[in-house]
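Here is how the chains run, residue by residue.
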Amino acid sequence: ALAATLFASIAFCSFGANAADNNPYGLIEPGHMRVASLGDAKPYTFTDKTGQFTGFDVEFFKNVAHRLGIEQVDFIGQDFTAILPAVANGQYDAGVAAIGITPARAKTVDFSTGYLVGFLTVLTRSDSGVKNVETLANKRMGVVQGTLQEAYAIQHFKQTDVVRFPDNNAAVSALNNGTLDAIFLDNEAAKSYAERFKLVTAADIPSFDAPAGVAIAKDKPAFKAALDKAIKDAMQDGTWKQLYEKWFPGSPLPKQYLPQ
Ligand SMILES: NC(=O)CC[C@H](NC[C@@]1(O)OC[C@@H](O)[C@@H](O)[C@@H]1O)C(=O)O
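Described in the following lines is the structure provided in the data block. Since this is a predicted model, take the numbers as computed values, not measurements. (Residues numbered from 1 in each chain as written. Predicted model: local features only at pLDDT ≥ 70, side-chain atom pairs only at ≥ 80, totals over all residues. Heavy atoms only, no water.)

## Here we look at the overall build of the chain
No. 1: Helices and strands together make up the secondary structure of the chain, namely 8 helices and 13 strands.
No. 2: Overall, the chain is about 85 × 35 × 35 Å in size when its C-alpha atoms are taken along their principal axes.
No. 3: Excluding contacts between residues fewer than 6 apart, the proportion of contacts in the chain whose partners are at least 24 apart in sequence is 68%.
No. 4: Accessible surface computed for the chain: about 12400 Å², of which carbon and sulfur atoms make up 57%. (Helix = DSSP H or I, 4+ residues; strand = E, 2+ residues; numbered from the N terminus. Contact = heavy atoms within 4.5 Å. Areas by Shrake-Rupley, 256 points an atom, 1.4 Å probe, with all protein chains shown as cover.)

Structure, rendered in structure tokens:
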């Protein structure tokens, strides 16, 4: 009987220790990171012609995951509105898509430390009559549902007809076919669409108070602490700067993310 008890307790504690060891961040599947993202927010997160996810946020997060010892990182496309609820209910380990950290969002998920700041940009056609935020009155402007742009437009562009879309591609095609006079999205994505469809930017609004962060489910302190440390290490050793200059050439470098 004693031997049996001894064996059972050894088995139990080794299992217990084992369980803690191989999944310290409480991932859905140990050693595998499932990430909810967007496929149409180039150059932040997008699928290239081979269908692979790539971009600044994708490459930066993969680097961060590798620092946590996670080699397998899979990105899955979602509508933006679906990302935070899906991360909150454990369908994904993380949400990475230039997601600005805000108090409202922090009610649903926790965020890592910030890793990118920039501008919200009004993108338009040269023939639309939209030249700046003042000329948005009585115009129709598209936003992606659930974004900071949606909230900002509702609050600040009271005379503008704000139309919600599930994703950037749908909004951009509505702008190109004349259904909309403008769309409101992240600066680097606006520049990418402007280049591709001969569109023009009409206004850049700073969003420095809502840096992008990695969204994770609440109450995972070990996961958050590890992400924060890996993000800081990637900034300190120049990885962040190298990826920023690769994906946002010519854009001003936010000083706070450079080696101190
Ligand atoms: N992928 C998206 O469509 C995200 C749109 C929007 N991004 C805002 C933001 O996080 O984009 C990256 C940086 O410019 C941040 O300063 C900015 O708040 C948001 O969080 O709602």
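## Topic: the pattern of salt bridges
No. 1: This structure, assessed with the given rule, holds 11 salt bridges.
No. 2: In this structure, arginine 34 and glutamate 29 form a salt bridge, with 3.3 Å as the shortest nitrogen-oxygen distance. (Salt bridge = Lys/Arg side-chain N within 4 Å of Asp/Glu carboxyl O.)

## Regarding the site of the ligand
No. 1: In the vicinity of the ligand lie 18 residues, with Gly100, Arg105, Leu148, Ser207 and Ala210 positioned nearest.
No. 2: A distance of 2.8 Å separates a nitrogen atom of the ligand from a polar atom in the backbone of alanine 97.
No. 3: One nitrogen or oxygen atom from the main chain of alanine 98 is found 2.8 Å from an oxygen atom belonging to the ligand.
No. 4: Contact with the protein chains removes 98% of the 480 Å² of surface that the ligand exposes when unbound.
No. 5: Grouping the amino acids of the shell around the ligand by side-chain chemistry returns 11 nonpolar, 5 polar and 2 charged. (Near = heavy atom within 4 Å. Polar contact = N/O pair within 3.5 Å; in protein donor to acceptor, adjacent residues only side chain to side chain. Nonpolar A, V, L, I, M, F, W, Y, C, P; charged D, E, K, R; others polar.)

## Some thoughts on the packing of aromatic side chains
No. 1: Scanning the model with the defined rule gives 19 aromatic pairs in all.
No. 2: Ring plane angle 5° and centroid distance 5.8 Å describe the contact between phenylalanine 56 and phenylalanine 60, whose orientation is recorded as stacked. Here the residue phenylalanine 56 and the residue phenylalanine 60 both occupy positions in helix 2 (residues 56-67), the gap between them amounting to 4 residues, near one helical turn. No difference in accessibility class separates phenylalanine 56 from phenylalanine 60, as the two residues are buried.
No. 3: Between phenylalanine 56 and tyrosine 244, the aromatic rings sit 6.2 Å apart at their centres with planes inclined by 85°, giving edge-to-face as the arrangement. (Phe/Tyr/Trp six-rings, centres within 6.5 Å; stacked < 30°, edge-to-face > 60°. Buried < 20%, exposed > 50% of the residue type's maximum accessible area, 1.4 Å probe, protein only.)

## Focus: the sheet that holds strand 3 (residues 45-47)
No. 1: On the basis of which strands lie adjacent, the open sheet formed by 3 strands has the order 2-3-4 and antiparallel pairing. What marks the edges here is a single partner per strand, and that holds for strand 2 (40-41) and strand 4 (53-54).
No. 2: Here strand 2 runs beside strand 3; their pairing, made up of 2 bridges, is antiparallel. Bridging from a neighbouring strand, alanine 41 pairs with threonine 45 of strand 3. (Pairing = 2+ DSSP bridges.)

## As for the nonpolar core
No. 1: By size, the foremost hydrophobic cluster in this structure holds 55 residues, and its most contacted members are Phe56, Phe61 and Tyr115.
No. 2: Looking at this core, the element that brings in the most residues is helix 7 (residues 221-236), giving 7 residues.
No. 3: Not counting residues up to four positions away in its chain, the partners in contact with phenylalanine 61 are Met33, Val35, Val73, Phe75, Ala94, Val96, Val214 and Leu227.
No. 4: Leu84, Ala86, Ile99 and Ala215 belong to the second largest nonpolar core, which has 15 residues in total. (Core = buried A, V, L, I, M, F, W, Y, C linked by side-chain atoms within 4.5 Å.)

## Thoughts on the sheet that holds strand 10 (residues 161-165)
No. 1: A sheet is described by the order of its strands in space; here 5 strands give the open sequence 10-9-11-8-12, paired in mixed fashion. Both outer strands of the open sheet, strand 10 and strand 12 (200-206), are each paired with one neighbouring strand and no more. For this sheet, the mean angle separating the axes of adjacent strands, direction not counted, is 25°.
No. 2: Pairing geometry for strand 9 (residues 140-144) and strand 11 (residues 182-186), over 3 bridges, is parallel. What sits directly across from glycine 142, in strand 11, is isoleucine 183.
No. 3: Sitting on the sheet, helix 5 (residues 168-176) is in contact with strand 8 (119-124), strand 9, strand 10 and strand 11, with an inclination near 150° to strand 11. (Axes fitted to C-alpha atoms, helices over the stretch in contact; angles between N-to-C directions.)

## Some remarks on the pairing of strand 11
No. 1: Most of strand 11 is tucked away: 4 of the 5 residues are buried.
No. 2: Sheet analysis places strand 8 next to strand 11, joined by 5 bridges and oriented antiparallel. Residue pairing across strands places valine 122 opposite phenylalanine 184, the latter belonging to strand 11.

## Section: unusual backbone geometry
Among all residues save glycine, negative phi is the norm, and among peptide bonds the norm is trans.
No. 1: The linkage connecting lysine 42 with the following residue, proline 43, adopts the cis geometry, with an omega of 5°.
No. 2: Summarising the element assignment, proline 43 is placed in the loop between strand 2 and strand 3.
No. 3: Of note, asparagine 138 is a non-glycine position whose phi angle comes to about 65°, a positive value.
No. 4: Position of asparagine 138 among the secondary structure elements: in the loop between strand 8 and strand 9.
No. 5: Although it is not a glycine, lysine 198 sits at a positive phi angle of roughly 50°.

Structural measurements only, silent on function.
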